[in-house]
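Given next are the chains, with one letter for each unit.
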There are 2 protein chains.
Amino acid sequence: MLIFVGMGLWDEKDITCKGLEIARRSDEVYIEFYTSKLMGTNLDKIEKFIGKKIKMLERSDLEEKSRWIVERAKDRTVTILTPGDPMIATTHSSLRLEAEKRGIKTKIVNAGSIINAVCSLTGLQNYKFGKSATVSWMKSRVPLDVIMQNLSINAHTLLFLDLHPKPMTIRDAINILVDTGDVGELFAVGIARAGSENPVVRCDRLERLKSYKFGDPLHVIVVLAKLHFMEYECLRVFAHAPEELEEIVE
Amino acid sequence: MLIFVGMGLWDEKDITCKGLEIARRSDEVYIEFYTSKLMGTNLDKIEKFIGKKIKMLERSDLEEKSRWIVERAKDRTVTILTPGDPMIATTHSSLRLEAEKRGIKTKIVNAGSIINAVCSLTGLQNYKFGKSATVSWMKSRVPLDVIMQNLSINAHTLLFLDLHPKPMTIRDAINILVDTGDVGELFAVGIARAGSENPVVRCDRLERLKSYKFGDPLHVIVVLAKLHFMEYECLRVFAHAPEELEEIVE
């Protein structure tokens, strides 16, 4: 059996009690920090908390060379620990598909993900989010197109920031966005270190957010569509939004 | 301090290790089953697991009469346990806002939510979901409008089903949808008991999903936009999708 266990957002204690039990009972435990990172912990701390030796997987173990791990799950219980929630990353879906096609049972233990944390930290309402996109170091029009599509149906856009070769900051991402289109005037929320004890959440126009100090990664951005009054109130209190944000309240 | 701790999707073990520690250390612990339910457990089991007496909150405690609970958090650590992830429900955002406005610190411990589980169970890619909506017993055009808006930008739609006065089934919801618009031919995925040991996931055209037996609640529906080939493959394997689903692969 191949089991994917989400580790949540920040440190080793963001795993669920169910996930912890499963990892402890598994024959083999692996972890990957390719699809995202847990900035509040490290392999050593996680091994101590789970009480088991954990092997680190590389990108290639999850992609082109993934066959061996699926094979190991044929007659053993193999758990893969993943930052955040397991199935947000398409990499894991394809691994799961490979296993199921070869008759190997799979199971997923969900955990908190950035999708949840963004709503928690900002007060933005989940049902108003549209498609999400990734701002990558290799410039592309995709994030801009997704923002425009979402605005056309009045939906917020969650932008993930590239992690490779190094985690992109909100400032980097805004520079790239502004370079590809005329979006500096749009209101957005920058979020740093979601899930930690000291997250930073700040709402302003993109061009102004650029000069704000968000501190260490990981960072994400939400580009705002029209706001419910309640969302406006939350952003004023939780994200120091300027009063002029009222312009976009419906 | 007012702390919101997510309980995850199914039973008492879906809470995170961090959330469990916080609840155990809190002066007072409350729980609410108004915004959603935990079908795999009950108050008694949760109390035993946490090792503490837990008081149940009614809808009115979270809304018009919410002042008292905010007051209690002034000089005590008060934890509110919520099904799923705390901030998916707007009810909790407004409670948090009320506390912060009165200078009471708040904190959120995230957990897995239906948003995560839907991607896990179906293999659908999170970044392709648009806005979500609720199909309620009081007929409304909102869900249909949201489906159409999302289709216009090629995004999937997650539909929550009303819980009050009783949990709506996939069949009930499809009857309501088909009554308000010409959507029977659209492909969709019905999902029952996400997070449990025996979830049911089935993909077909809405009008055909209607006659499929999904079993006990809770149920949700995803109405599909165009699919990535990988999503198609996952739905064939994980959701018994018919071959003709290939029609909507991009």
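Residues numbered from 1 in each chain as written. Chains lettered and ligands numbered in written order. Predicted model: local features only at pLDDT ≥ 70, side-chain atom pairs only at ≥ 80, totals over all residues. Heavy atoms only, no water.

Turning to the pairing of strand β2 (residues 28-32) of chain A, a few remarks are in order. Residues and elements named next belong to chain A. Along β2, five of the five residues are buried, which leaves the element largely enclosed by surrounding structure. The alternating pattern of β2 places E28, Y30 and E32 on one face and V29 and I31 on the opposite face, and all of these are buried. With four bridges connecting them, β2 and strand β4 (residues 78-82) associate as parallel partners. If you follow E28 over to β4, its bridge partner there is V78. In terms of strand pairing, β2 meets strand β3 (residues 55-57) through three bridges, oriented parallel. (Buried < 20%, exposed > 50% of the residue type's maximum accessible area, 1.4 Å probe, protein only. Helix = DSSP H or I, 4+ residues; strand = E, 2+ residues; numbered from the N terminus. Pairing = 2+ DSSP bridges.)

Often, the extent of an interface is quoted as the loss of accessible area upon association of its parts. Residue and element names in this part refer to chain A. For chain A, the domain assignment lists domain 1 (2-109) and domain 2 (114-248). Here domain 1 and domain 2 share an interface that buries about 840 Å² over both sides, 78% of which is from carbon and sulfur atoms. When the area that domain 1 buries against domain 2 is broken down by residue, the three leading residues are L9, W10 and K37, summing to 57%. Linking domain 1 with domain 2 are zero salt bridges. Taken together, the connections running from domain 1 to domain 2 amount to one residue pair in polar contact (both at pLDDT 80 or more). In terms of residue class, the side of domain 1 that touches domain 2 is made up of five nonpolar, two polar and one charged. (Domains from an automatic or database assignment. Buried area = accessible area lost by both parts, 1.4 Å probe. Salt bridge = Lys/Arg side-chain N within 4 Å of Asp/Glu carboxyl O. Polar contact = N/O pair within 3.5 Å; in protein donor to acceptor, adjacent residues only side chain to side chain. Nonpolar A, V, L, I, M, F, W, Y, C, P; charged D, E, K, R; others polar.)

Looking now at the interface of chain B and chain A. Taken together, the contact pairs 56 residues of chain B with 56 residues of chain A. Here chain B meets chain A over a buried area of about 4400 Å², counting both sides, of which 59% is carbon and sulfur. Considering only the surface of chain B that becomes buried against chain A, B:C17, B:K18 and B:I153 emerge as the three largest contributors, covering 14% of it. A salt bridge links B:E21 to A:K13, with the shortest nitrogen-to-oxygen separation between them at 3.0 Å. Per-element accounting of the side of chain B that touches chain A gives the leading share, seven residues, to helix α5 (residues 90-101) of chain B. Partitioning the side of chain B that touches chain A into residue classes produces 23 nonpolar, 19 polar and 14 charged. (Contact = heavy atoms within 4.5 Å.)

Overlay of chain B on chain A (RMSD 0.0 Å): rotation 180 degrees, translation along the axis 0.0 Å. Both chain copies can therefore be described as sitting about a two-fold axis. Mapped onto chain A, 100% of the interface residues of chain B are again interface residues, and the two copies thus contact each other with one and the same surface. (Least-squares fit on C-alpha atoms with pLDDT ≥ 70 in both.)

Residue and element names in this part refer to chain A. Summed over the entire model, instances satisfying the criterion amount to 48 salt bridges over all chains. Between K53 and E47 there is a salt bridge, and its shortest N-O distance comes to 3.7 Å. You can call K53 exposed: its relative accessible area is 66%. By sharing partners, the salt bridges in this structure join E185, D204, R205, R208, E244 and E247 into a single network.

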